[in-house]
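These are the residues of each chain, in order.
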Amino acid sequence: GYVRLLLACAALAAAQDPFAVSSISVQSKAGAFALGFNARRVPVYAESLTLVVDFDAPGAVVLEQSLIVLENAEILDLASQLGSDRKWLLTVKGLATGVVNITVPPGAARLSSDATTTNEVGGSFSYSNLDKAPTLSVIVENSDRGEDPWYWTTKVYPSVGLTLTFNSSTLSSLTTRYFEQQTADVPASQMDTIPPGHKLSKIEAALTPPPLGSAIYNMLLNITLNDTVTWRDISCVDAPTRQSNGLYDAPEGFTVFPCNLCGLPRLCTCQSLWPVGAGAPGILQEFPLIVRVKGFDMGTVIRFEEQNITIVYDTLPAKVRLEADEYAKSPGFKVQALWSEPMKEVGMLSTRPLVQGVLVEDYDAVALSSSSIEVEIKPLGTGIAIISINGSIATSDLAGNTNDFTINVNASTGDQKQVVYSDGPPLPSPLNFEYSRYKQSYEWPLAYDHFDPVTQSFSRVVPDLIPVPTLLVSWTPFVTAVSYDLWITWGDDQETTIVENLTQPSYLFDDFTALLGVEYSVHVRAWNFWRGTPGEPESRTAIVQKDPFFHPTVQVLANGSFPTIRLPQLMSQTQSNVTVTVFLQDSTSFVPTSAPVLQFDSVDFRSGADPCIDNSPQLSCTRMNFHINVPGANFVVFRKPVVLQFAFGEEGWPDMSVRPQLRYFEDYNEEWRMVAPTCPPEFRKEKWNELHRIYEVVLCHLCQFALFEYRAPEAPITPAPEVERPSLETNPVFLLVVIGVAVALCAFFACLYVRYFRSAIRVKLPKHRELGVASVDERFPRRQEDGGAAFQDDAQPLQALADAQAPMPPLLSIADQSARQNQAAPLALGAGVGLDDEDAI
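Bear in mind that the values here come from a model prediction, so they are computed numbers and not experimental data.

### Description of the overall build of the protein chain
Assigned secondary structure in the protein chain consists of 12 helices and 54 strands. Buried residues in the protein chain amount to 36% of all 841 residues. The contacts of the protein chain with a sequence gap of at least 6 include a subset with a gap of at least 24, amounting to 69%. Carbon and sulfur atoms make up 54% of the accessible area of the protein chain, which totals about 49200 Å².

### Quick notes on the sheet that holds strand β16 (residues 235-237)
Ordered by their spatial adjacency, 3 strands build an open sheet running β16-β18-β17, and the pairing between neighbours is antiparallel. Sheet topology places β16 and β17 (255-257) at the edges, where each strand pairs with a single neighbour. Along the sheet, successive strands turn relative to each other by an average axial angle of 35°, direction set aside. Inspection of the sheet shows β17 paired to strand β18 (residues 267-270) by 3 bridges, in the antiparallel sense. Looking at the pairing, Thr255 lines up with Cys270 of β18.

### Remarks on the pairing of strand β30 (residues 414-422)
Sheet topology note: the strand β24 (residues 327-329)/β30 ladder contains 3 bridges and is parallel. Bridge pairing links Lys329 to Ser422 in β30. The pairing of strand β29 (residues 383-390) with β30 spans 8 bridges and is classified as antiparallel. Bridged to Ile387 within β30 is Lys417.

### A look at the confidence of the model for the protein chain
Mean pLDDT over the protein chain works out to 76, with 68% of the residues at or above the 70 mark. In this model, residues 29-41 is a region of pLDDT below 50 whose contacts with residues beyond four sequence positions or in other chains number 20 contacts. A low-confidence stretch, residues 786-841 stays under pLDDT 50, and its non-local contacts, those more than four residues away or across chains, total 14 contacts.

### Some points on the layout of surface pockets
Of the volumes computed, that of the largest pocket is approximately 910 Å³. Secondary structure elements with two or more residues in the lining of the largest pocket: β12 (137-141), β17, β19 (286-293), β22 (307-314), β23 (320-323) and β25 (333-339). The dominant element in the lining of the largest pocket, judged by the number of residues it contributes, is β22, at 4 residues. Tallied by class, the residues present in the lining of the largest pocket amount to 22 nonpolar, 4 polar and 6 charged.

### Re the packing of aromatic side chains
For the coordinates displayed, the defined rule picks out 26 aromatic pairs. Measuring from centroid to centroid gives 6.1 Å for Phe125 and Tyr127, while their planes differ by 45°, and the two rings are tilted. By relative accessible area, Phe125 is classed as buried at 3%. Relative to Phe509, the ring of Tyr507 has its centre 5.0 Å away and its plane inclined at 80°; by these criteria the two rings are edge-to-face. You can call Tyr507 partly exposed: its relative accessible area is 28%. One aromatic cluster is present, built from ring pairs that chain together Phe433, Tyr435, Trp490, Tyr507, Phe509, Phe512, Tyr520 and Phe549. Over the ring of Trp530 we find Lys329; its NZ or CZ atom is 4.9 Å from the centre of that ring. Sitting over the ring of Trp527, Arg531 keeps its end group 3.9 Å from the ring centre.

### Topic: the state of the cysteines
Inspection of every chain in the model, using the stated rule, returns 4 disulfides. The disulfide that involves Cys612 links it to Cys621, with 2.0 Å between the sulfurs. An S-S torsion of about 95° defines the bridge between Cys612 and Cys621 as right-handed. The cystine pairing of the protein chain, numbering bonded cysteines in sequence order, is 1-3, 2-4, 5-6, 7-8. Lacking any disulfide linkage, Cys270 is separated from the closest cysteine sulfur, that of Cys268, by 8.2 Å. The class of Cys270 is buried, set by a relative accessible area of 1%.

Thresholds applied
- Residues numbered from 1 in each chain as written.
- Predicted model: local features only at pLDDT ≥ 70, side-chain atom pairs only at ≥ 80, totals over all residues.
- Heavy atoms only, no water.
- Helix = DSSP H or I, 4+ residues; strand = E, 2+ residues; numbered from the N terminus.
- Buried < 20%, exposed > 50% of the residue type's maximum accessible area, 1.4 Å probe, protein only.
- Contact = heavy atoms within 4.5 Å.
- Areas by Shrake-Rupley, 256 points an atom, 1.4 Å probe, with all protein chains shown as cover.
- Pairing = 2+ DSSP bridges.
- Axes fitted to C-alpha atoms, helices over the stretch in contact; angles between N-to-C directions.
- pLDDT = per-residue confidence, 0-100.
- 1 Å grid on protein atoms, 1.4 Å probe; cavity = no way out; pocket = protein on both sides within 12 Å on 5 of 7 lines; lining within 4 Å.
- Points joined across faces, edges and corners; volume = space filled by probe spheres on them.
- Nonpolar A, V, L, I, M, F, W, Y, C, P; charged D, E, K, R; others polar.
- Phe/Tyr/Trp six-rings, centres within 6.5 Å; stacked < 30°, edge-to-face > 60°.
- Lys NZ or Arg CZ within 6 Å of the ring centre and 35° of its normal.
- Disulfide = S-S within 2.5 Å.

Encoded structure:
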C-alpha cells in the first residue's frame, strides 16, 4: 500500500495544468523606444525580424518549429533565449509586401519535463511588410516667385519649396512628428562673413493625392543668398570632374556651377557655399546645395540612414543643343534635342526642331528622357537640311524657368545643325573662268605701268621674263559634294592631267596657253560623302559638270601705230598651232568709230553659224573660226584694207592637194562667201605660199570668219575628136613637088658632106719608114723576081746592091713601136688635120 501511495502521489504531481503563450513581441535594442505592433501596424522593412515568444509555463518549454504557422513569411531561425527557459527567439523574413501573420497554435510547445503537457492557448503576431526600403525623393519648387519670376536678382526670395515623397502612406504620423524636430542644412564651416545655414521652416502633408502606397510631404526650406560675391569674383573654368552627389570638384570653400556669365560647357566658379545674391546683378545661376536628412533608428521596425540630397537653387533657364549626323542619305536621319536639365515634358515635346533647305515629310517628336527628344527627318530630295530649335515660353525647366526672351534676353536659347543629305549625286553649279596672260603693247586698252614726270607721258616697261598664262577655274560648291576631280579637254584627243581630290571649289592651271577659236571643255566631277560605300553606285555618288571655255576677247589698236600685230594662235586641222599676223597700214581706220580698235573673238557654235554644215567635195571646214568686229559700232567702212596672214608650216598643212581659203558668213542669205572680193579690185589679194605653207588674204568686211580647205574642181574629161583621113586620090602635081624637094635636099646635103666633112676627117697616115719598119723587098731581097730588076735604073745597080747589102735596122717590138707612135703620132696627127689644142686634147 505504501508503494501504491507513492506512485499515486507521483502521478498526481506529474499531471500539471496546461500552459499558454503569454506574448509574442519584437526583440528590442538598447536605446530604442518600444513600439506595439498589434496596435499600430507600422510597416517594416528588414532583411529579418526577430520575435520573442514568451510562455507562462511552470518550467522549461520546448517549441516545435514545424508546428508554427506562417503567412507571407519564412522562418530563418528558432532558438531558446539565453537565460530564460520559457522564451524562444523566432527569426522570420517577409516574402512580399503585405501583411505577415505568424501563429503559434495550441500544442506547438510542451514542457521539457513532461511531454504530455502542452500549451492550451496559442498566440499570433502580424505586421505590414515592405519588400523595398523606405526611400526619400526631393523635387524643387519655387514657393513664391512674385509677379516677375524671371528676374531673380532684383528681389531676394529666401525660400525654396521641397517635396518629399515616401513609398509608404502609413508613415505619415510618424514622419510628421519626426521632421518637425529635424533641421535641413548645408554642411559647411560657419564663418563670420557667411550667413547662418539654411533652416527648415515648415513641413506639412501635401494636398496632392499621393501615389498608391506613398506619402508626400511639402517642406519649405529657407535659402540664404551671398550678397558679398560680385561679378569680378566669378571666373570661368572648364567643367571639372563631377562627384557622385552631383557637385563638381572644387577647392575648399569654392563652388563650381553653371551661370549666364560663362556659356556651356564652361562653368562659373567663386568662393561661396551659398548662391550668389545682389552683389552680382543680373546673374542667372544653378547653384548646388546639399540638404541633409538626419538618420533615425526605430529599432527593427524602421530605419533611415542619413541622406544627403543635392538640390539646385535654379534661376537659370535651360539651354538646348542639337545632335545629328553631319552626313545622311536616303531614307532619312534622326535629330535629337538635348536640354541641359530636366524639362516639363509637355513644353519640351511641343517645341520640336524645324527643318529648312529641303522639303520633308511630316514628323513628330518622341521623348527619350526628361531632358531629350528625338525626331526622324525624311527629306524629299538631295540638299542641305538646316535643323534649328529655339526655346520659348512653353519650354520650362522643373524650377519654372522658361526661355521667353521677350521678358529676359538672357533666357533665350537655341541651336542649329546642318545635315548634308544625299538622295543621289551632288547638285551641280556653273563654272567660272579667269584667264590671265601678258598683254602686248598694241592691245587695247593700252596698259601703261610707268609715268615720266618730266615728259608728262606714260610708257610701258617690258619685263625680262614674260609671265606664263594661267587659267583659274572656280565654281560655287556643289550641294552635298565633299571632293572634286578637274580636267580640260579640247580638239580630238587633247587633255590635261586629271587633278583629283580637290576640297576647295577652285584650281589654277599654271602655264596654260589658250588658243583663239578653240572650244575647251572643262570637266568637274563632284563626289558626295558616300563615295566608295558598298551598295552605292557611282551614279548616286558622283556627277560630272562640263562647261565650255573660250579664249577671252582680244582688242588691238588698228590706227597704224603698230603695223604688225601678232594675235593668239589658232589650231589647225592637225592640232598644231597656227601663227596669225595682222598687217595694218598707216592710214588704216574705220568710219564711224569712237576708237580705231579691232576686236577678235572665238566662235561659240551654240550661238554662231557652224561652217561645217556647208561642207562639200570642194570645201571642208577647219578648226579655225573667229569673229572680227569694232566695239560699239554696228556698221563700219574701211579706208584701207586689213591683211591677215596664217603661217601653218608643214605640220599644220600637210595636204598639198587642197589650199586654205578664208570665208565670211553672210547673214541675209545665210551662206559662206569668199573674203577677197569684199575689197575694191585694186586692193584684192589672196596668196598661198606652198613652199612655206603661208596663206595671206586681204579683207574689208567684219563679221564671223572661217577658214576652209578648198579643192579646185577637176576639169571634165571629154573624148578627143576623130581626125578624118585624107583621101587616097592625091593630085599628081603635089607628088611631083614633094619628090623634087626631097631630091634637092639630098643633093644639097651630099655636097656639104663632100665639101666640108670628108676633107675634115681625112687623116694622113705615117709612112712605114717613119715608123722604123722596112719594106718586104728590103727585108727579103732574094725574093725579088727577075722581072723586078727591069723596073730598076741601069745606072744605079751598085747602089741598089749596096743598099741590099747594108745592115738592116734593128727590128722593134710591137711595144716599142707603139711607144714611138705615141710620141710622134699626136703631133703629126695634129699637124695633119689642122685642129687647135683644145680639140686635140
